[in-house]
Amino acid sequence: MTNILYDGVFAPHAASDKVFLFTPNGDVSFAVFTQMTNRLANCLVENGMQSGDRVAVQAEKSVTQLALYAATIKAGGVYLPLNTGYTPHELDYFVGDAKPAIVVAADSVSAAIAPLTESIGASLLTLNADETGSLTQQADTASPDFVTVARGSEDLGAILYTSGTTGRSKGAKLCHRNLLSNAEVLAESWQFSGDDVLLHMLPIYHTHGLFVASNLLCMVGGSMIFLPKFSAADALAWMPQATSMMGVPTFYTRLLDAPEFTREAAIHMRLFISGSAPLLAETHVQFEERTGKMILERYGMTETNMSISNPYEGARIAGTVGKPLPGVEIRIADAETGAPVAPGEIGIIEQRGDNVFLGYWEMPEKTSESFRNDGFFITGDMAQQNADGYITIVGRDKDLIISGGLNVYPKEIEGLIDEYHGVLESAVIGVPHRDFGEAVVAVIVSSDGPLDTDAIRASLAGRIAKFKQPKAVILADALPRNTMGKVQKAELRKTHADLFA
Ligand code: AMP
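In this report, we go over the structure that sits alongside the text. Treat the numbers as computed from the prediction; the structure is a model and nothing was measured.

**Notes on the sheet that holds strand β20 (residues 391–396)**
Ordered in space as β16-β17-β19-β20, the four strands form an open sheet in which the pairing is antiparallel. Only two strands of the sheet have a single partner each, and these edge strands are β16 (329–333) and β20. Each neighbouring strand pair of the sheet contributes to a mean axis angle of 45°, computed without reference to strand direction. Looking at chain direction, strand β19 (residues 377–385) and β20 are connected through five bridges and run antiparallel. The residue of β20 that forms the bridge with M382 is G395.

Set out below in structure tokens:
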């Protein structure tokens, strides 16, 4: 009997006494993790989960939650993690849409979602931040043995709802082949081995912390320093024990803000990886100046797992996300036709390979709109590829501004504004405008003290065409970001929608 993902990721070191997870509450060996997994798998089955059923989980990051993911896979289920920021009202949508057999949530929200779970006949179990709740209570008395349920490469292993900048959030269906193949590709490309100890401070309801980090380290038999969330102080305290770290760009900017983060503090680290949102070229350069090491930036998305990466050996180029990973076919294509654009031109990233998801849960139309006839998935990210094959992301297609009929790529303007002395960061958006359709607007955060917005506009005047120059420059205390560090441009567009109305 085979279970592609469990056998590939969790089984190889399942009996080992080596530490898999270092946590502030103590160490957890692979063997103990396997026992937890088995008890939880028995508990899922006892609560009515059958092969192919969804298990929806909204819980604070914990070892039990990671084991619950492994247990769901082992018992043949489909793991469905939910952002801890969702309100009970939002949970109703996900639970109603995915119709899980089991819902796991904190005691504090269980009363609010009980009527819905009851109406769809799902079992409701609780798991709190301190790992108490009915799930662990039942698991404690369950058998520590469990026979793995068979699942094939095309069977679903997980559904992850995308953050959804427009419209309803969509459930990306990921099969065992998608998840295992990506872990294998990343282990080889980034040279992960059993000697690695990864500093893990990411949430585990998202592809980055759950699949990229956890599948990978478990598969190679490495260890993780498994912390509830990021703080620069915790990162610095645990870093001496680590060999590698994965983070979103804000982890790196916060580390650079800490004077204790020195060359010595990082000297033993083999690898720093960044992704999920653009890493400013400036952060990349500052990081190298401070530590002598270059961050490895990679690109991926929930639907495609990781697909483009700077190299482990060879030049890691600031501002680019690198080249296609092995087995991933990438084309930079015309948004309308899907035909490849000329080298150096801007187009949409389209991709095909074992990494690409099966489609959106119960959304056949959205799924077919998102794929070309030849099987390429249209990511919606705009990019250009240089003659050496390195790819630079220029923004989401939905963030593209069309002013007076001309295309304006926000990243180009943001890059110029960010060079201005005293600018910490910027976001360039399009807002409705009577004459131009859309007007270019720059929202800017200063690094220290007041900024002269007229001077910033003047500095751009000689450098970019008139139609690209911001018609308004607005100072803000901070840019709105989600938990993965992505700037929420839709929110900014809403805030400033009436500027030229
Ligand atoms: P998610 O599905 O939440 O992982 O979000 C995926 C999106 O994050 C992609 O479609 C990109 O827009 C963005 N993204 C991920 N990695 C990078 C990166 N290295 N640089 C720029 N954008 C990125």
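**Examining the pairing of strand β4 (residues 78–81)**
Alternating residues of β4 divide into V78 and L80 and Y79 and P81, and every residue in both groups is buried. Relative to β4, strand β3 (residues 54–58) runs parallel, the two sharing four bridges. Directly across from V57, in β4, lies its bridge partner P81. Read as a crossover between parallel neighbours, the route from β3 over helix α3 (residues 63–74) to β4 is right-handed.

**Some points on the pattern of salt bridges**
According to the stated counting rule, one finds 14 salt bridges in the structure shown. Between D354 and R177 there is a salt bridge; the shortest N-O distance is 3.1 Å. You can see D354 sitting in the loop between β17 (347–352) and β18 (359–360) and its partner R177 sitting in helix α7 (residues 176–189), a full 177 residues away along the chain. With relative accessibility at 41%, the residue D354 sits in the partly exposed group. Of the charged contacts, one joins K489 and E414 as a salt bridge, the two residues approaching to 2.6 Å between their closest N and O atoms. In this pair, K489 is assigned in helix α16 (residues 489–495) and E414 in helix α14 (residues 410–419), connecting sequence segments 75 residues apart. We classify E414 as buried; its relative accessible area is 12%. Through salt bridges with shared partners, a single ionic network connects R331, E350, R372 and D374.

**A closer look at the site of the ligand**
Near the ligand lie 15 residues; those nearest to it are H206, E297, R298, T302 and D381. One nitrogen or oxygen atom from the side chain of T302 is found 2.6 Å from an oxygen atom belonging to the ligand. In the environment of the ligand, an oxygen atom lies 2.5 Å from a nitrogen or oxygen atom belonging to the side chain of D381. Protein contacts shield 91% of the accessible area of the ligand, which totals 490 Å² for the unbound molecule. The element best represented in the shell around the ligand is strand β13 (residues 296–301), accounting for five residues.

Basis of the calculations
- Counting starts from 1 at the beginning of each chain's written sequence and moves along it residue by residue.
- Given that this is a predicted model, residues contribute local features only at a pLDDT of at least 70 and side-chain atom pairs are listed and counted only at 80 or more, while totals for whole chains, interfaces and linings are drawn from all residues.
- Hydrogen atoms and water are omitted, and side-chain values are computed over all heavy atoms in the structure.
- Two strands are counted as paired when DSSP detects at least two bridges linking them.
- Labels follow the DSSP assignment, with helices taken as runs of H or I lasting at least four residues and strands as runs of E lasting at least two, numbered in each case from the N terminus.
- With axes taken as lines fitted to C-alpha atoms, and helix axes fitted only over the stretch in contact, angles between N-to-C directions fall between 0 and 180 degrees.
- The buried label applies to any residue whose accessible area, calculated with a 1.4 Å probe on protein chains only, is under 20% of its type's maximum; exposed applies above 50%, and partly exposed to all values in between.
- A clockwise course of the path from the first strand over the helix to the second, judged with the strands pointing away from the viewer, identifies a crossover as right-handed.
- Salt bridges, as used here, are contacts in which a Lys or Arg side-chain nitrogen is within 4 Å of a carboxyl oxygen on Asp or Glu.
- The nearness test applies per residue and asks whether one of its heavy atoms lies within 4 Å of the molecule or strand.
- Contacts described as polar in this section are N or O atom pairs within 3.5 Å, which, within protein, must combine one atom able to donate a hydrogen with one able to accept it, while residues neighboring in sequence count only if both atoms come from side chains.
- Note on areas: these come from Shrake-Rupley sampling with a 1.4 Å probe, and a residue is covered only by the protein chains present in the view.

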